[in-house]
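Letter by letter, the chains look like this.
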Amino acid sequence: GMGTRLQYGWIHGENSRFFNNRVMFQARRYNRVSDGSLESMEISPGWFVNLKNGLGAFLELKYMKEGVDEDFDLTDDAIIPAGDYEFTAFEGRIFTPSSKPVSARINVEAGGFYDGNIISLGAEPILNLSASLQLSGEYQFNSVHFPERDQRMKSHIVRANILYMYSTKLSASAFVQLNNAHEVFVGNFRIRFNPREGNDLYLVYNEYRGFMVGDDAFPVPPAYYNRAIMLKYTHTFRL
């Protein structure tokens, strides 16, 4: 694969509400190793702006070409058939000031998606309850429609995070995610102990299971797809 990224930015004067602006242009292309044919290409001009009050926005136009060598399933109800595709989509993101007790990131994507179209909406609120406790959540809605094939996919993804910093050396975090399109639940709990620079001890618990599975499902799915407890220690030293 090969790619290039160009950007030009400028900072505004004292009397402006704007802090800085940045215009960007990205291009990337990946060819298949097997025969050199196009696997993926993207050309995307974008614009990023920051206000002095901490509000930020990012807008991007994406022109894509995709070479799909074999059918792949988005869900049981929607597939992308093998073939060459060309489509354009718009993406926008807004960030509210992260220094405030309540902040949020909001994203919107709309436009072409292979031989159909997509609308994707996301919101990520962040609540700083104190210097040591942060709650954050995320909701993502995706709607994909392929009119010529009369196929649709709608998905709701919900995530919740809790981060507790007992001190600079000891922290704990918990994370859960639900995805209705793939009917999965993911849970993660982690304790990190960092007694000194370069020394890290992690205790991690992961759970990955299905839900909303019909009573008549055959074969009967397992209660857990994956469940693990891990202890990890990293030690960085200079030679």
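This is a predicted model, so every value here is computed, not measured.

Draft legend 1. The arrangement of a nonpolar patch on the surface in detail. Taken together, Tyr164, Tyr166, Leu170, Phe193, Leu201, Leu203, Ile229, Leu231 and Tyr233 make up a surface patch of nonpolar side chains, about 940 Å² in accessible area. Of all the secondary structure elements, the ones that give two or more residues to the nonpolar patch are strand S14 (199-210) and strand S15 (226-235). Within the secondary structure, Ile229 is located in strand S15. With relative accessibility at 65%, the residue Ile229 sits in the exposed group.

Draft legend 2. Local environment of the pairing of strand S8 (residues 102-113). Pairing between strand S7 (residues 83-95) and S8: seven bridges, direction antiparallel. In the sheet register, Gly92 faces S8, and the bridge partner there is Val108. The antiparallel hairpin formed by S7 and S8 contains six residues in its connecting segment. With 12 bridges connecting them, S8 and strand S9 (residues 116-128) associate as antiparallel partners. Within S9, the position partnered with Gly111 by the bridge is Ile118. Here S8 hands over to S9 after two residues, with Tyr114 in that stretch at a positive phi of 55°.

Draft legend 3. Spotlight on the side chain of Ser44. Relative to the elements of secondary structure, Ser44 occurs in strand S3 (residues 38-51). With a relative accessible area of 2%, Ser44 lands in the buried category. Within the structure, Ser44 has its side chain in polar contact with the side chain of Glu42 (distance 3.1 Å). Sequence-distant contacts of Ser44, defined by excluding residues within four places in its chain, comprise Met24, Phe25, Gln26, Glu60, Leu61 and Lys62.

Draft legend 4. Molecular detail of the nonpolar core. Leu74, Ile80, Tyr85, Phe113, Tyr114, Val144 and Phe146 are the most contacted members of the largest nonpolar core, which totals 13 residues. Secondary structure elements with two or more residues in this core: strand S4 (56-68), S7 and strand S10 (133-146). Residues in contact with Ile80, not counting those within four places in the same chain, are Val68, Glu70, Asp71, Phe72, Leu74, Tyr85, Phe113, Tyr114, Phe146 and Arg149.

Draft legend 5. Quick look at the environment of Val158. Of note, Val158 is situated in strand S11 (residues 151-165). Separated by 13 residues in sequence, Val158 and His145 place their C-alpha atoms 21 Å apart. In contact with Val158, other than residues within four places in its own chain, are Glu138, Tyr139, Val176, Gln177 and Leu178.

Draft legend 6. Layout of the pairing of S11. Bridge analysis of S10 against S11 gives 14 bridges, and the strand direction is antiparallel. When the sheet's bridge partners are listed, Gln140 is paired in S11 with Ile157. Here nine bridges tie S11 to strand S12 (residues 170-179), and the two strands are oriented antiparallel to one another. Across the sheet, residue Ile157 finds its bridge partner in S12, namely Asn179. Hairpin geometry of S11 and S12 is characterised by an intervening segment of four residues between the two adjacent antiparallel strands.

Draft legend 7. Representation of the pattern of salt bridges. For the coordinates displayed, the defined rule picks out 10 salt bridges. Taking the shortest distance from any N to any O, the salt bridge between Glu109 and Lys62 comes out at 3.5 Å. Here Glu109 is found in strand S8, whereas its partner Lys62 is found in strand S4, with 47 residues between them in sequence. Exposure class is identical for Glu109 and Lys62. Each is buried. In this structure, Asp200 and Arg192 form a salt bridge, with 2.8 Å as the shortest nitrogen-oxygen distance. Overall, the relative accessible area of 28% leaves Arg192 in the partly exposed class. Through salt bridges with shared partners, a single network forms among Lys62, Glu91, Arg93 and Glu109.

Scoring rules and cut-offs
- Residues numbered from 1 in each chain as written.
- Predicted model: local features only at pLDDT ≥ 70, side-chain atom pairs only at ≥ 80, totals over all residues.
- Heavy atoms only, no water.
- Patch = residues over 30% accessible without salt bridge, like charges linked within 9 Å, V, L, I, M, F, W, Y side chains within 5 Å.
- Areas by Shrake-Rupley, 256 points an atom, 1.4 Å probe, with all protein chains shown as cover.
- Salt bridge = Lys/Arg side-chain N within 4 Å of Asp/Glu carboxyl O.
- Helix = DSSP H or I, 4+ residues; strand = E, 2+ residues; numbered from the N terminus.
- Buried < 20%, exposed > 50% of the residue type's maximum accessible area, 1.4 Å probe, protein only.
- Pairing = 2+ DSSP bridges.
- Polar contact = N/O pair within 3.5 Å; in protein donor to acceptor, adjacent residues only side chain to side chain.
- Contact = heavy atoms within 4.5 Å.
- Core = buried A, V, L, I, M, F, W, Y, C linked by side-chain atoms within 4.5 Å.

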